Amino acid sequence: HRRLPGWISYAFARSVRSHRHTPSIEVQRPFAYDRRHTLNATGNLRVGARWTMGATLRFGTGFPHTTPTGFTPIVVDANGEAARILTHNTTGNVRFKPDFGRPERRYAARLPAYYRLDLRLARTVDWSAVSGRFYIDIINATNRTNVLSYQYAAVTDPDKVRPVVYQQAIYMMPLVPSVGFQLRF
């Protein structure tokens with residue numbers, strides 16, 4: 001048995017989509033899951049006859065996303081009646097939603113890069129006809145706040161006329177410890 005098995009992989013990829021907005025205008029833009037660079041590295045270290053320690057590092061550049069350019073009033077159609085502008089129940093202020101601009105702006109920005117380090121400590125056990133492994137995993141051991149996506153809202157301050165577009169990050173898993181047992185028979 002090798003004492004330090006593992007592997008490293010790297011991928012460069014580019015995924016684009018073409019959209020015809022008019023008969024004479026075709027726009028190319030990144031696909032929603034276009035990740036240009038991806039790096040993965042995994043290693044395990046045998047420590048004695050029954051113990052192993054492992055680590056997996058994952059890195060990827062951010063996916064494309066679209067940032068708002070401003071805001072527009074929310075217009076609703078009330079069951080076939082004339083459309084009306086939605087207002088706040090208490091203040092009467094006009095309610096707004098983020099405006100993402102023209103279609104060619106779609107996916108023009110990128111989310112931050114993704115990074116995660118996972119760790120494992122395992123001990124092998126043998127019983128008569130059954131063998132197994134106890135393990136402790138720590139997913140996202142650095143507790144990095146990787147951005148999954150952004151939510152946008154047009155927030156209206158009662159003292160101001162124009163709303164402000166607010167961006168809130170939606171994060172992936174924080175540090176997650178787990179304990180388990182794997183049986184082989």
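Preceding this section is the structure that the text describes.
Our subject in this report is the structure included herewith. Counting from 1, residues in each chain are numbered in the order their sequence is written. Where local features are concerned, this predicted model is filtered to residues with pLDDT of at least 70; where side-chain atom pairs are given and counted, the filter is 80 or more; whole-chain, interface and lining totals use all residues. Side-chain metrics in this entry use all non-hydrogen atoms of the structure; hydrogen atoms and water are not considered.

Here we look at the packing of aromatic side chains
Any two rings among Phe, Tyr and Trp, with Trp reduced to its six-membered ring, count as a pair given centres within 6.5 Å; such a pair is stacked if its planes are under 30 degrees apart, edge-to-face if over 60, and tilted if neither. Under the counting rule described, the total for this entry stands at 7 aromatic pairs. Aromatic side chains Phe100 and Tyr152 sit 5.9 Å apart centroid to centroid with 75° between the ring planes, which places their arrangement in the edge-to-face category. Of this pair, Phe100 sits in the loop between strand E10 (96-99) and strand E11 (109-110) while Tyr152 sits in strand E14 (residues 147-155); the two residues are 52 residues apart in sequence, bridging distant segments of the chain. With 6.3 Å between their ring centres and 55° between their planes, Tyr150 and Tyr152 make a pair best called tilted. Taken together, the ring pairs in this structure connect Phe31, Tyr33 and Phe63 into an aromatic cluster. The aromatic ring of Tyr135 is capped on one face by Arg120, whose charged end is 3.9 Å from the ring centroid. Helix and strand definitions follow DSSP, with helices as H or I runs of at least four residues and strands as E runs of at least two, each counted in order from the N terminus. Definition used: whenever NZ (Lys) or CZ (Arg) falls within 6 Å of the ring centre and also within 35 degrees of the ring normal, the charge is taken to sit over that ring.

Things to note about the side chain of Asp137
Mapped onto the secondary structure, Asp137 falls in strand E13 (residues 131-139). Within the structure, the side chain of Asp137 is placed 2.6 Å from the side chain of Arg120, a separation counted as a polar contact. Distance and chemistry together define a polar contact, namely a pair of N or O atoms within 3.5 Å, with one atom able to donate a hydrogen and the other to accept it when in protein, and with adjacent residues in sequence counting only for side-chain atoms on both sides.

Quick look at a nonpolar patch on the surface
A cluster of nonpolar side chains, namely Val47, Trp51, Met53, Leu121, Ile136 and Val179, defines an oily patch on the protein surface of about 550 Å² accessible area. Position of Trp51 among the secondary structure elements: in strand E5 (residues 51-60). Patch building starts from residues that exceed 30% relative accessible area and form no salt bridge, then joins like charges within 9 Å and nonpolar side chains (Val, Leu, Ile, Met, Phe, Trp, Tyr) within 5 Å. Note on areas: these come from Shrake-Rupley sampling with a 1.4 Å probe, and a residue is covered only by the protein chains present in the view. The salt bridge definition used is simple: a Lys or Arg side-chain nitrogen within 4 Å of an Asp or Glu carboxyl oxygen.

Here we look at the side chain of Asn146
Here Asn146 is to be found in the loop between E13 and E14. One polar contact links Asn146 to Arg144, side chain to side chain, over a distance of 2.8 Å. Whether two residues touch is decided by their heavy atoms; if any such pair falls within 4.5 Å, the residues are in contact. Sequence-distant contacts of Asn146, that is, excluding residues within four places in its chain, are made with Ala113, Tyr114, Tyr115, Arg116, Ile170, Tyr171 and Met172.

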